[in-house]
Structure formats: C-alpha cells, structure tokens
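Structure at a glance
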2 protein chains.
Amino acid sequence: MEFFNVQPVQDALNLVYEHWQPTIQTELLDCRLALGRVTAIEPHSPIDLPEFRRSTMDGYAVVARDTFGGSQSLPAYLTLVGAVVMGTSPDIKIGTGQTVEIHTGGMLPSGADAVVMVEHTQRVNENEIEIMSPVAPGENVIQVGEDVARESSILPAGHRIRPQDVGGLLAVGITQVAVSKRPVVGILSCGDELVMPDEDPAPGQIRDINAYTLAALIEQSGGEAHVMGIARDTFDDYQTLARTGFAEVDMLVLTAGSSVSTRDLTRQVIDSLGKPGVLQHGLAVKPGKPTILAVCDNKPVIGLPGNPVSAFLVAQQIVVPLIKHALGEIIIPAGTIIATLAANISSATGREDRVPVTLRQTEDGWLAEPVFGKSNLIYTLVNADGYIQIPLNSNGLKAGTSVQVYLFQGRD
Amino acid sequence: MEFFNVQPVQDALNLVYEHWQPTIQTELLDCRLALGRVTAIEPHSPIDLPEFRRSTMDGYAVVARDTFGGSQSLPAYLTLVGAVVMGTSPDIKIGTGQTVEIHTGGMLPSGADAVVMVEHTQRVNENEIEIMSPVAPGENVIQVGEDVARESSILPAGHRIRPQDVGGLLAVGITQVAVSKRPVVGILSCGDELVMPDEDPAPGQIRDINAYTLAALIEQSGGEAHVMGIARDTFDDYQTLARTGFAEVDMLVLTAGSSVSTRDLTRQVIDSLGKPGVLQHGLAVKPGKPTILAVCDNKPVIGLPGNPVSAFLVAQQIVVPLIKHALGEIIIPAGTIIATLAANISSATGREDRVPVTLRQTEDGWLAEPVFGKSNLIYTLVNADGYIQIPLNSNGLKAGTSVQVYLFQGRD
C-alpha cells in the first residue's frame, strides 16, 4: 500500500521555488527572429516615435487659427506655397494665410500646426485654396513622440514577443533584443518495456512516446528539449543515464512506469543526483497523483507518471510553469472557450481533476463532451480539443453546467 | 472623394475563394519535427494499440470467475505459477485456480482475463495468494486496440499537430507524417518615406515595420514569409518589384501608404499581375476600410493599408484565413477571456470594429480597458493584450458589458 501526502499543484510548485534560484542567461537576438522569445531586460526607446510631426490625412498643412470660422458658404482662403514631398523634410516654412499640400504620412512643414482633409477643401486656382471646415491645432497630426516617447519603457521584462512587438522594437531602431536563453530540459524515460518509436516492439514491449510528447510541449513552452534515451529498470542503468545527462541540462524530467518498484527507483535516482533531492511525492490532481517534485543542486527534477495522459497533463501543470519561471516570463492566462457540459462528471473533493473534452458547435453555442478513458490511452488526448478543470473542493459537475474549456495548443 | 463599396470580411473572403483553387503541396516530415504543421492526409493506424493486453495495475493476473465471491473474510485462494517480466511476452498459460504476478504495463498471460490489484491480495506462502475482492472479466486490463483500432483514422486531414498528436502518431509506429507545405507569402512594402529597420531615417522618413510585423504573423499562422523589400511610389518600380517576386510566392501581400495616389497605384499594380485582378476594394471593418482583395493567376493578392494597426488587424482577418485555407486547415476557434468592459466604446452600424484592449485582474474578474489611439501608432498594439470585436450591426458597447477578449498570441 502506498500513502501519499498529496499537495495541491501551487503548493508543490512553491516548494520547488523555495529551493531553486534559476540563473537566467541572456542572449541577443535579431528582432526578426525573436517571435515567441521572452524579453530578459525591459527595452527602452532610444528615440521619440515619430521623430517628426506627421500628417494622418491627404490634404493641406495649415496654421489652425487661419481656418477658424471657415465654412461651406464662407470658406477661408489660403495661399498655396508648395507641396511636401514624401520621405523628405520640407524646406518650406509657412506663415499666416499660407498652406502647403501634404499626403498621409508626410512631414509637417515648420509653422504649420494642423492638416485640413482634402475633402474639406477646394482648389480655386494654382495658388489659392478654399478651406470649408475649420481644424483645431493638432488636428490630423501625429505629434513627435505620440506613439512612444524617448527613454520610455516599450516592453516589460519577461514579456513573450508577439508579431506587433517585433514591429514596435524595429520602429524605434532596436534591431537586436535581449531575450532569456531557452532553459534546456532533459527528458529521460525508464522502463524495461520501452523501445524507440522507430523500432518494432516485440510482444510485451511498447514504443516510448512520452519523451516526444513532452519534448513538443517543452519546445512549445519556450524550453529546449533534450531527449536522453531510455533507461532500464535497474538503479545502476537509470542512475548512470540520469547523472550523465544531468550536467548539461537546466531541468530534468523523468518518466517512468507506474509500478511501485519503478516509482521507488525514480525516487532513489533523484535523491542521488544532488541536494536537497525529493521535496514532494504526490499531487492532489487526477490524473497524476504519484508525481515527484525535487530540486537537486539548484536544478528542478520532476518524476512524472508513465501513463501518457498523466504525464502530459501533469507536465502542463508543473513542467510548463517551471520553464516559464526559468525564463522569467510574466504569465498571461490562456484563452478559454465557454461551453455547456454534455455529461455529468464526478470528482472527489481534495483533488483537482483535468478532464479532456471534445468541442462541438450547436445552435446554442459550444457543447463540451468529456472524453472518458484510462490515463494509459494517448488517444484520450489526441481526440480531445481541450480540457476542463474540476476544482479541488468540488465533487463533480452536472450536465448542462457552463464550463471553461482550456484549448490544447498547436503552434499558433 | 472616395467611395468604397465595402463588404463584410467573410463576403470578401468568399469572393477570393470563388476565384482561387489552392494547390496544396505535401511533404513528409519526421513526426518529431511536425509540431504546429497541418496534416495533408488523414493518417490511419497500421496496428492495434496496444498490440497486446496490458495490465493497468500492479497485482495478479487471474481468470476472473475464480475470484467471484472472494472477500476479506472469505478470500478465494489461487496458486501462484510465475511472474510476468516487463517488456517480455510471458510464456506461461494460466488455467483455473492459477495466477501470475504482473506489474503495471505488463502483458497479460494467455488464459488470464483480469488483474486483481495487489492491495486486494495477500500472499499466504511462496505458492499461494488470497484474493479478497472479486474482479470482473476485463477489469484492470487494456484490451488489444482499446487505445486505437487497426486501420482506423487517427487524425483528420487539415489538423494542426499538437504535442499529444506527435505521441499518438509515434505510438502506432508512424514516424513520418504527410503535412501541407507552408504557403510562401511575399510581402512588399511601398512608400517613398520608408527605409529598412536597420537604417537611420532622415527627417521625413520612417522605418518599414509592417513587413516584419506581417512576416511574424504569417510565420505564426503556418506560412513562410518572404520579405521582398521596399518599392518606391512609382508604377514602374512598384510593378517591377511585385512582378519579380510574384513567380516565387503562393500569395502576395502589399502594404502601401494610405494616400489616395498610393492606393490607386496599388490597385493598378495588382491588376497588372494577372487575371481576374482586383475583386474587392473596401472592407466593412474599422480599422482597415481601404483593403484590396484580388486574385491574379490563381494567387491571392492583398493590398493592406499602410497604417501598422490597420495592416496588422486586417491581416489577422484576411491573410491568416487565406493561409489556413491554403494549408487546408480545419479552423478551431481561438480561446478568449471573458472580461468586463471598462469604458464605453462607440461604433457605427454596418462595419465591424476591432478595438485593442489591455487586461487587468480585479476582485470581480478581468477588466478590459480599450486602448484608443490612431491606427498609425504601432504601440496601440504593443500595449494591448488582445482585442474585442464590435459586431457589424452594433452602435457600440457600454462600460460594464461582459465582452470576449481575443488574446494576441506569442508562440505558445
């Protein structure tokens, strides 16, 4: 019989954070290649953006007070003294009663403080323009620094770079950005029954898939996955492989069979890797109860159950937050879809359940159908669109309840 | 004055789909490198998974009917005839009254049809086991093909591969998967005021950022972005650059300044690239009204407004769906966060507005604060966490309304 002193996920993670000081390394990357990476340092703008006053309209640059009172029936008359050529600094200075033609994005000439849209003007002759609608100072103009001011912070540290952030950095001339290095996460599988995915398993053997499911999840979360191979169910082989790879990784994930002896082996191997060793054995989650959390010589080591569903769902809850912590990433909540639960789900209080669901669109919105299945069955996850969470202190959810579905992510 | 015969986004996309037959190319990829790619063909399982009956528990493999009636006070007695070694096919066949020791994941010996958990047994001596709880046939056993049956479809075509799908493919021995080739999307910027991001703009000039914001969005959506450079505001230069790159891309995106003359130029250049040419000029969206949709010689060509906010938000609505269409991807809705709107937003009926918002967590849940700003300002997007959509026939939303916030994506 086994008794676990189970802990909720956040308490277990906090135990790791107490014993682990991630040393975040920084690297400089071309902004154009930095999508999805995490800023290591808060970048500041070296310039005012824009650096000059720009028109937001096609029209005429004016001194605003010259247009006051102008109307369709009684227009203001201005003298046309030139045109702003796109991409150049106009050498014209306009005075009272004068105007220049300008296009969207053009640089305002000195003296002008507003732009009248071409739709509100009429050309009388070569040198004279009628203004049929007044403009306030600043109207249809982007001021210097209106987009971003010089020296101001443009992104927080710990921010995952999105497409628009690439543009924001380049716009102020920052072509290289300091990002956190990807933490290297080693993955070691253990089990006498495991063969490599490209081998033909003999009867009694199965392909090791956890290593690759976890590697994809780790890469998706910003880590660099190192698949370390398959250890056999002996302390010597398991410990040798774990120790050999341990120096080269920032974090180690072990997936091992779910038999009691293999779990004991995992515990012993982890304790042999460094201090303080195992911090927690047992999570208040289903699936995933027999998870082990440890820190060895300032590196987190996580022992995941061997069942593919447990391994994946626990890795989402434990390994992904550790990677984000190593990256120094500010965590933004994932998007969810609100759906109606299609079937009753029972749960036990004192543990948090994650139940995979498929989504189906109906006239009344999304319907979430639980995918029930043993946690040994990878297709429980393959056939699901996302999962719902049943909280620690709930004994289940009734069909018809409105639930939040957390979508499983591709790379999008 | 310009009049657009504006169309809602879906109608405009449908126009493109009517004139475009994407030719989806396929490539074979190692499953371990296929995360985020889209299946081109529905893969089928070559095997039953698992290929043999497996135990889900540590315990004893039995003939279920031998255990019927067994209880704590009156156990059933079975003769222990061996143990299943992990990763091997047991050469023992058990008969009535017999049992073998088995571990989680072990292969059931022939003759056995259930497993009794070790917790419900007691070892009397070397050869005898007490069974204190009955099991039904099949209990604690995964049947052959229970995870996935031989010949069955394991993923639909058009499915974006997630971490668990990598595992699902490898589990049945599929190490290479046929995915759609990434459509190559050319991006050409036009404007006399534009310089490359690593150049120092002279007064009147600005850095071209749209090309890189769009490139990141295109890569994130499954396309391959080809940045084609900057064309000057003349038909000859613009047309030459567009035509030169056109042969090598599957789709072309033009971003040009917002002045009337540049827009006319874009239209002319597009019409010169092939038949039928421009299909639609004007979208019922804000920002992004002056968008151009075209098909030239069976390639979509999209003319985006030059304002970075318009260019990005329209690309999300137009270019991303075209890429997914080219990939043959089944579209799964993006996750949203439900939030309370912090300020009134006005809108006009007959157009769909996208308003960037920042999210703030409060005691009552998420609060969405609109980021108002001219669509020339890239930092309107950099400072936002997502956007809300105001439907075609709404004239706005009141503060306090519950809204769905579509999160801007990093790569996660």
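Quick notes on the overall build of chain A
Assigned secondary structure in chain A consists of 7 helices and 26 strands. Since a compact globule built from 412 residues should have a radius of gyration of about 22 Å, the 31 Å found for chain A marks it as more spread out than a globular shape. When its C-alpha atoms are laid out on the principal axes, chain A stretches across 95 × 50 × 40 Å. Within chain A, the fraction of its 412 residues that count as buried is 51%. Residue pairs at least 24 apart in sequence account for 72% of intrachain contacts in chain A once pairs closer than 6 positions are excluded.

Focus: the environment of D48 of chain A
Residue and element names in this part refer to chain A. Its location among the elements puts D48 in the loop between β1 (26–30) and β2 (54–55). In this structure the C-alpha to C-alpha distance between D48 and G145, which are 97 residues apart in sequence, comes to 4.3 Å. Setting aside residues up to four positions removed in sequence, D48 forms contacts with V144, G145, A149 and R150.

Describing the packing of helix α4 (residues 235–246) of chain A against helix α5 (residues 260–273) of chain A
All names here are of chain A. Relative to each other, α4 and α5 sit at 40°, their axes nearing to 10 Å. The orientation of α4 with respect to α5, classified from their angle, is oblique. As for how α4 packs across α5, the hand of that crossing is right-handed. Packed against α4, whose contacting residues are F235, Y238, Q239, A242, R243 and F246, the element α5 presents L265, Q268, V269, S272 and L273 at the interface. Tallied by class, residues from the contact of α4 with α5 come to 7 nonpolar, 3 polar and 1 charged.

So, the packing of helix α1 (residues 9–19) of chain B against helix α6 (residues 308–327) of chain B
Residue and element names in this part refer to chain B. One can describe the packing of α1 onto α6 by two numbers: an axis separation of 11 Å at closest approach and a directional angle of 40°. In terms of their interaxial angle, α1 and α6 are classed as oblique. Where α1 crosses over α6, the handedness of that crossing is right-handed. For the pair α1 and α6, contact is made by V9, L13, V16 and Y17 and by Q317, I318, P321, L322 and H325, respectively. Classifying every residue of the contact of α1 with α6 by side-chain character gives 7 nonpolar, 2 polar and no charged.

A few points about the pairing of strand β11 (residues 184–190) of chain B
All names here are of chain B. In terms of residue burial, β11 counts as a mostly covered element, since 6 of its 7 residues are buried. Here β11 pairs with strand β15 (residues 251–256) via 6 bridges, running parallel. Opposite S189, over in β15, you have T255 as the bridge partner.

Observations concerning the relation of the copies chain A and chain B
Taken as rigid bodies, chain A and chain B are interconverted by a rotation of 180° and an axial shift of 0.0 Å, the fit giving an RMSD of 0.0 Å. What the rotation and shift describe, once combined, is the action of a two-fold rotation axis. Relative to the rotation axis, the C-alpha of G335 of chain A is the closest in chain A, positioned 2.0 Å from it. Mapped onto chain B, 100% of the interface residues of chain A again fall at the interface, so both copies present the same surface.

Some points on unusual backbone geometry
That bond from L49 of chain A to P50 of chain A is cis: its omega, -10°, falls within 30 degrees of zero. Along the chain, P50 of chain A falls in the loop between β1 and β2. Put simply, K286 of chain B and P287 of chain B share a cis peptide bond, and its omega is -5°. Within the secondary structure layout, P287 of chain B lies in the loop between β17 (285–286) and β18 (292–296). We note that E151 of chain A has phi near 75°; this positive angle belongs to a residue other than glycine. With respect to the element layout, E151 of chain A can be found in the loop between β9 (141–142) and α2 (163–171).

Let's talk about the interface of chain A and chain B
The interface of chain A with chain B comprises 81 residues on the first partner and 81 residues on the second. Sorting the residues of the side of chain A that touches chain B by element identifies α2, β13 (206–207), α3 (210–220), α6 (308–327), β20 (336–341) and α7 (379–382) of chain A as the ones contributing at least two each. Considering every element that reaches the side of chain A that touches chain B, the biggest residue donor is α2 of chain A, with 8 residues. Classifying every residue of the side of chain A that touches chain B by side-chain character gives 37 nonpolar, 26 polar and 18 charged.

Description of the environment of T336 of chain A
Among the structural elements, T336 of chain A can be located in strand β20. Separated by 70 residues in sequence, T336 of chain A and Y406 of chain A have C-alpha atoms that sit 4.7 Å apart. Aside from chain neighbours lying at most four places away, what touches T336 of chain A is Q404, V405 and Y406 of chain A together with G335 and I337 of chain B.

A look at the sheet that holds strand β3 (residues 59–62) of chain B
All names here are of chain B. Taken in spatial order, the 6 strands line up as β6-β3-β5-β4-β8-β7 in an open sheet, and their pairing is mixed. Either end of the sheet is taken by a strand with one partner, and the two such strands are β6 (114–117) and β7 (121–125). Sheet twist, expressed as the mean angle between neighbouring strand axes with direction ignored, is 40°. Relative to strand β5 (residues 98–102), strand β4 (residues 76–83) is paired through 3 bridges, and the arrangement is parallel. Bridged to T79 within β5 is Q98.

Digging into the domain arrangement of chain A
Residue and element names in this part refer to chain A. Here chain A is described as being made up of domain 1 (9–25 + 181–327), domain 2 (26–47 + 155–180), domain 3 (54–142) and domain 4 (336–407). For domain 1 and domain 2, the distance between their C-alpha centres works out to 31 Å. Across the contact, 5 residues belong to domain 1 and 5 residues belong to domain 2. Of the residues that constitute the side of domain 1 that touches domain 2, the class distribution is 2 nonpolar, 2 polar and 1 charged.

Looking at the confidence of the model for chain A
On average, residues of chain A carry a pLDDT of 94, and 99% of them reach 70 or more. Both scores are available for the predicted complex, with the pTM at 0.94 and the ipTM at 0.93.

Here we look at the pairing of strand β15 (residues 251–256) of chain A
Residue and element names in this part refer to chain A. Among the 6 residues in β15, 6 count as buried, and that is most of the element. Every second residue of β15 is oriented toward a common face, with M251, V253 and T255 on one face and L252, L254 and A256 on the other, all of them buried. The sheet contact formed by β15 and strand β19 (residues 299–305) spans 5 bridges and is parallel. Looking across to β19, one finds that A256 is bridged to P305.

Overview of the sheet that holds strand β5 (residues 98–102) of chain A
Residues and elements named next belong to chain A. Taking strand neighbours across the sheet as the criterion, the 6 strands line up as β6-β3-β5-β4-β8-β7 in an open arrangement whose pairing is mixed. Every other strand in the sheet has two partners, leaving β6 (114–117) and β7 (121–125) as the edge strands with one partner each. With direction set aside, neighbouring strand axes in the sheet form an average angle of 40°. The pairing of β7 with strand β8 (residues 128–131) spans 4 bridges and is antiparallel.

As for helix α5 (residues 260–273) of chain B
All names here are of chain B. With 14 residues, α5 ought to run about 20 Å at 1.5 Å a step, and its terminal C-alpha atoms sit 20 Å apart, in line with that. Of the residues making up α5, those classed as buried are T262, R263, L265, T266, V269 and I270. Looking straight down α5, one finds that the buried residues subtend no more than 155° of arc, so they occupy a single side. Looking at the packing, one finds that the buried side of α5 touches β11, α4 (235–246), β15, β16 (276–281), β18 and β19 (299–305).

Remarks on the environment of T362 of chain A
Residue and element names in this part refer to chain A. Inspection of the secondary structure assignment puts T362 in strand β22 (residues 352–362). The class of T362 is exposed, set by 10 C-beta atoms lying within 10 Å. Along the backbone, T362 and Q404 are 42 residues apart, and their C-alpha atoms lie at a distance of 16 Å.

Rules used in this analysis
Residues numbered from 1 in each chain as written. Chains lettered and ligands numbered in written order. Predicted model: local features only at pLDDT ≥ 70, side-chain atom pairs only at ≥ 80, totals over all residues. Helix = DSSP H or I, 4+ residues; strand = E, 2+ residues; numbered from the N terminus. Rg over C-alpha atoms; globule rule 2.2 N^0.38 Å. Buried ≥ 20, exposed ≤ 12 C-beta atoms within 10 Å, placed from the backbone. Contact = placed C-beta atoms within 7 Å. Axes fitted to C-alpha atoms, helices over the stretch in contact; angles between N-to-C directions. Parallel < 35°, antiparallel > 145°, perpendicular 65-115°, else oblique. Left-handed = near helix turned anticlockwise from the far one by under 90°. Nonpolar A, V, L, I, M, F, W, Y, C, P; charged D, E, K, R; others polar. Pairing = 2+ DSSP bridges. Least-squares fit on C-alpha atoms with pLDDT ≥ 70 in both. Domains from an automatic or database assignment. pLDDT = per-residue confidence, 0-100. Expected span 1.5 Å × (residues − 1). Arc of directions from axis to C-beta.

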